[in-house]
Every structure is written in structure tokens, then in C-alpha cells.
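Here's the letter readout for the chains.
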Amino acid sequence: GIAEAYFNQSLVYKLRGKYEEEMNLHLESIKIYQQLNDSVSIAKIYVSIGSLFIQAALQGDVTLPRKAVEYYQKALSIYRNHQNLSGEALVLRRIG
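Because the structure is predicted, anything quoted here is derived from the model rather than measured.

Calculation criteria
- Residues numbered from 1 in each chain as written.
- Predicted model: local features only at pLDDT ≥ 70, side-chain atom pairs only at ≥ 80, totals over all residues.
- Heavy atoms only, no water.
- Helix = DSSP H or I, 4+ residues; strand = E, 2+ residues; numbered from the N terminus.
- Buried < 20%, exposed > 50% of the residue type's maximum accessible area, 1.4 Å probe, protein only.
- Expected span 1.5 Å × (residues − 1).
- Core = buried A, V, L, I, M, F, W, Y, C linked by side-chain atoms within 4.5 Å.
- Contact = heavy atoms within 4.5 Å.
- Arc of directions from axis to C-beta.

Colleague: If you had to explain unusual backbone geometry to someone new, which residues and values would you point to?
Modeller: Not every positive phi belongs to a glycine, and N37 is a case in point at roughly 55°. Within the secondary structure layout, N37 lies in the loop between helix 2 (19-35) and helix 3 (39-57). Taking the relative accessible area as the measure of exposure, N37 reaches 69% and is therefore exposed. One non-glycine residue, Q83, lies in the positive phi region at around 50°.

Written as C-alpha cells, this is what we have:
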């Protein structure tokens, strides 16, 4: 659907280092997934946002890793509520 298309397009922005555009598409995807009540897909977007903050932190902003962990924690909570072990493992590796 449209939310998945936004997510895929956000990956292009990520590769180009256009983090603001990437974030905007993630936020649009979340809105759609909320309307669909699709929390597992929202968790996937949260993981991607966390990764975005880590990537942006490599550019020098030391406050961004904390934001990444906040989004990873949101994703982890959703994955645990849905007993999604592969999602949970993914997030725990990222939090590391």
C-alpha cells in the first residue's frame, strides 16, 4: 500500500543522506499504519527511525543516539506485545 511505498521511498532518501525527507516519509507511514491499526508495521518504522538517528549521529550530534534508543524501545515494546521474536531480536541487536 501507500505506507509501504513511503517506507521504500524513505530508503532512497537514506542512501542519499537526506535525513529530513526520510523522517517525513516515516512519519507519513506511521499515520497510515495507525489508521490501519497495524502496530507491527509501526514498530518496523520505529526501528528505521532509530537507525536514522544513529546514522545522523555519525555526522556529529551526540544527542541523537538517545533518540535512537527511544524509538528502539517503542519498537521493542510492540514486538514483545505481539510475541514477535524476530522483531524483538532485531531491536535488541540494535540497542546492543
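Colleague: Run through helix 3, naming residues and quoting values.
Modeller: Compared with the 27 Å implied by 1.5 Å per residue over 19 residues, the 27 Å span of helix 3 between its first and last C-alpha is a close match. Counting buried positions along helix 3 yields 14 of 19 residues, so the element is predominantly enclosed.

Colleague: Describe the nonpolar core, listing the residues and the values that go with them.
Modeller: Of all hydrophobic cores here, the largest spans 25 residues; its most connected members are Y46, I49, F53, A75 and V91. Broken down by secondary-structure element, the contributors of at least two residues to this core are helix 1 (2-16), helix 2, helix 3 and helix 4 (64-81). The dominant element in this core, judged by the number of residues it contributes, is helix 3, at 10 residues. If we skip the residues at most four places from it in the chain, Y46 touches I30, Y71, K74, A75 and I78.

Colleague: How would you sum up helix 5 (residues 85-95)? Please name residues and give values.
Modeller: Taken residue by residue, helix 5 has G87, E88 and V91 as its buried positions. Each buried residue of helix 5 lies within a common arc of 100° when the element is viewed along its axis, so the set occupies one face. Turned more than 90 degrees from where helix 5 packs its buried face, L85, S86 and R93 sit exposed. As for helix 5, its buried residues are in contact with helix 3 and helix 4. Where helix 5 terminates, the next one or two residues include G96, which has phi positive at roughly 50°.

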